[in-house]
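Residue-level structure breakdown
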Amino acid sequence: MEGLLYSFLAGTGTTVGALLLFIVGRPGKNSLSVLLGFAGGIMLGISVFELLPEAVDFGNMATAIIGFLLGCGMMYAIDRLLPHSHMSSGDVLVVENPEKIGLEKAPMLRLGYLILFGIALHNLPEGLAIGAGLEASPELGMMIAIAIGLHNVPEGLAIAGPLKAGGLPVGKVLLLTLLAGLMAPLGTAIGLLVIHISPVMVGGALAFAAGAMVYIVNDELIPQANDLNSHMANGGLIVGLLLAFALF
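Treat the numbers as computed from the prediction; the structure is a model and nothing was measured. Numbering of residues starts from 1 in each chain and follows the order in which that chain's sequence is written. pLDDT decides what is reported in this predicted model: residues at 70 or higher carry local features, side-chain atom pairs at 80 or more are listed and counted, and totals for whole chains, interfaces and linings draw on all residues regardless. Excluded from the side-chain calculation are hydrogens and water; included are all heavy atoms of the structure.

Turning our attention to the packing of helix α7 (residues 170-181) against helix α8 (residues 183-195). Running from N to C, α7 and α8 point in directions that differ by 15°, and their axes come no closer than 4 Å. Between α7 and α8, the angle falls in the class roughly parallel. In contact with Leu179, Ala180 and Gly181 of α7, α8 contributes Met183, Ala184 and Pro185. Amino acids outside the nonpolar list (Ala, Val, Leu, Ile, Met, Phe, Trp, Tyr, Cys, Pro) and the charged list (Asp, Glu, Lys, Arg) are all regarded as polar, and Gly is one of them. Partitioning the contact of α7 with α8 into residue classes produces five nonpolar, one polar and no charged. A fitted line through C-alpha atoms represents every axis, and for helices the fit uses only the stretch in contact; the resulting angles, taken between N-to-C directions, go from 0 to 180 degrees. Helix and strand labels come from DSSP, where a helix needs a run of H or I of at least four residues and a strand needs a run of E of at least two; each type is numbered from the N terminus. Throughout this description, any angle smaller than 35 degrees is read as roughly parallel, any larger than 145 degrees as roughly antiparallel, any in the 65 to 115 degree range as roughly perpendicular, and the remainder as oblique. Here a residue-residue contact requires only that any non-hydrogen atoms of the pair lie within 4.5 Å.

Have a look at this one:
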């Protein structure tokens, strides 16, 4: 139950991002770069200092390596097969591999729905990461949930922008961003079912979570943060990394 609550709170980060867009507009480049860098630092620190060592303790080196590679592989497959977006500046939305599904000339509303679907699927392995972290310790699960929640705020902005531009009412935009975030608790529920099969599965799940988070940090958070403001991004990354190191 605790894992589902943490996942729900982390998932609502997408709705927070949408609310920011409607209430105050897009946050400034400096604020976004610090937020992305800080979330990336925490996620990297948790993965390296805690998840991977715990994965070896619960299982062994082989299961840790296999789980890590599977986590990276799943995120890579999602990125390659589905449209996914990020902001290259405070105002510009960039969609990865749009040509695969004819998105180059898609209406803004359809673009928003497809981005929503891609981000929702990204939230599944993120939810699993929270569940795996909680299996190791409540503190670890909570830290992963905080990091993923921070990461979800810019994703909420990325979803809400095209939906708003496409003419969707505010209430529907907020509801859709919330539904995308609720994929995280679903991922946690699936993960907890698998994890409880055996201790080796716990180790594999921890490593899988580490692989998924490292991939997200390197593929999304660090490039986006550096593109917005590299100096502010580095500051956020360093603080997040040191905080994870101090806590674990």
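On the surface, Leu186, Ile190, Leu193, Val194 and Met201 cluster together into a nonpolar patch covering about 430 Å² of accessible area. Considering each element in turn, the nonpolar patch owes the most residues, four residues, to α8. Assignment of secondary structure puts Leu193 in helix α8. Note on Leu193: relative accessible area 68%, which makes it exposed. In this scheme, patches are assembled from residues that exceed 30% relative accessible area and form no salt bridge. Like charges are connected within 9 Å, while nonpolar side chains (Val, Leu, Ile, Met, Phe, Trp, Tyr) are connected within 5 Å. Note on areas: these come from Shrake-Rupley sampling with a 1.4 Å probe, and a residue is covered only by the protein chains present in the view. A side-chain nitrogen of Lys or Arg and a carboxyl oxygen of Asp or Glu constitute a salt bridge if their distance falls within 4 Å. Partly exposed describes any residue whose relative accessible area lies between the buried limit of under 20% and the exposed limit of over 50%, with all areas from a 1.4 Å probe on protein chains only and scaled to the type maximum.

Take the packing of aromatic side chains next. Aromatic rings from Phe, Tyr and Trp, taking only the six-membered ring of Trp, are treated as a pair when their centres fall within 6.5 Å; an angle between ring planes under 30 degrees marks them as stacked, one over 60 as edge-to-face, and anything in between as tilted. Per the counting criterion, the structure on display carries one aromatic pair. Here Phe49 and Phe245 contribute two aromatic rings whose centre-to-centre distance is 5.2 Å and whose plane-to-plane angle is 65°, an arrangement assigned as edge-to-face. Residue Phe49 is located in helix α3 (residues 29-58), and its partner Phe245 is located in helix α9 (residues 199-247); the two are separated by 196 residues in the primary sequence.

Residues grouped as a nonpolar core are buried Ala, Val, Leu, Ile, Met, Phe, Trp, Tyr and Cys residues, joined through side-chain atoms within 4.5 Å. Of all hydrophobic cores here, the largest spans 56 residues; its most connected members are Met43, Ile46, Leu51, Ile130 and Ile144. If you list the elements that add at least two residues to this core, you get α1 (2-11), α2 (13-23), α3, α4 (61-81), α5 (108-136), α6 (138-165), α7 and α9. With 17 residues, α9 is the single largest residue contributor to this core. Residue contacts for Ile144: discarding those within four places in its chain leaves Ile46, Leu51, Ala129, Ile130, Gly133 and Met213.

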